[in-house]
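Survey of secondary and tertiary structure
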Amino acid sequence: MENALKSRERLLLSNKVIMILFILLILSLIGIIFILRYRNRQRMKDNEFLFNSVKNSNKRKLPHQPTEKGTNKEGSVYWQVIQHIEENDNYRKSEFSIKPLEKQLLMRSADIEAQFEKECGISLSDTLLHYRLRHACELLESTDYILEVVAEESGFGSSRTFYRQFRNAYNL
């Protein structure tokens, strides 16, 4: 009889422990749901802020234009680099490289970048940034993508990088 009471007490105790663990699990899930809802609300605010900034901004045109005479020729470094950037949407790749142009132009990457900047008056990295930002603006205007997707689709490594670059470019 005494063993039966002890085993019944142990069973009740284990049931209480299971019930407490179950309640803790439920509370944890509720906490996670609230955190996710808060984060989603923040993303929506960020998207809305960026979307409104895009709509109100008139700086979306790419400022790069060749400054030297003769650079509008298709054989110039400027146009070959621009063609490489636009080809297959290369600017959308976060690992963008001009290495493939080295053999074609018979120049080192550093020389290509220097010649590009000399011809158009803006650095290659700034030009690439403008292409990516323009694409991001188009995505923000035409889709309901969250920032992480816009950043990834536009060639930025992360939404944090995208947000920082966007704010710097549009002086927000």
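Preceding block: the structure.
So, a few notes on the structure that sits alongside this text. (Residues numbered from 1 in each chain as written. Predicted model: local features only at pLDDT ≥ 70, side-chain atom pairs only at ≥ 80, totals over all residues. Heavy atoms only, no water.)

Let us now look at the nonpolar core. Ranked by size, the top nonpolar core spans 17 residues in total, and within it Val81, Ile85, Ile112 and Phe116 carry the most contacts. Per element, the largest residue contribution to this core is five residues, and it comes from helix α2 (residues 77–86). Setting aside residues no more than four positions away along its own chain, Ile85 makes contact with Asn90, Tyr91, Phe96, Leu124, Thr127, Leu128 and Tyr131. One finds Cys137, Leu139, Ala151 and Phe162 within the second-largest nonpolar core, a separate group that totals 13 residues. (Core = buried A, V, L, I, M, F, W, Y, C linked by side-chain atoms within 4.5 Å. Buried < 20%, exposed > 50% of the residue type's maximum accessible area, 1.4 Å probe, protein only. Helix = DSSP H or I, 4+ residues; strand = E, 2+ residues; numbered from the N terminus. Contact = heavy atoms within 4.5 Å.)

A few words on the packing of helix α5 (residues 124–142) against helix α6 (residues 147–154). Between two packed helices, what matters for the description is the angle formed by their axes and the separation of those axes. Where α5 meets α6, the closest approach of the two axes is 9 Å, and the angle between their N-to-C directions is 140°. Overall, the two elements α5 and α6 adopt an arrangement that is oblique. Seen from above, α5 lies across α6 with right-handed handedness. Mapping the contact onto sequence places Arg132, His135, Ala136, Leu139 and Leu140 in α5 and Leu147, Val150, Glu153 and Ser154 in α6. Residue composition of the contact of α5 with α6, grouped by class: five nonpolar, two polar and two charged. (Axes fitted to C-alpha atoms, helices over the stretch in contact; angles between N-to-C directions. Parallel < 35°, antiparallel > 145°, perpendicular 65-115°, else oblique. Left-handed = near helix turned anticlockwise from the far one by under 90°. Nonpolar A, V, L, I, M, F, W, Y, C, P; charged D, E, K, R; others polar.)

Compared with an ideal rise of 1.5 Å per residue, which puts 19 residues at 27 Å, α5 spans 27 Å between its outermost C-alpha atoms and is within 8% of the ideal. Among all positions of α5, only Leu124, Thr127, Leu128, Leu129, Tyr131, Arg132, Leu133, His135, Ala136, Cys137, Leu139 and Leu140 are buried. (Expected span 1.5 Å × (residues − 1).)

Quick look at unusual backbone geometry now. Excluding glycine, most residues fall at negative phi; most peptide bonds, likewise, are trans. Despite not being glycine, Leu106 shows a phi value in the positive range, around 55°. With respect to the helices and strands, Leu106 occurs in the loop between α3 (99–105) and α4 (109–120). According to the relative accessible area criterion, Leu106 is exposed, its value standing at 75%.

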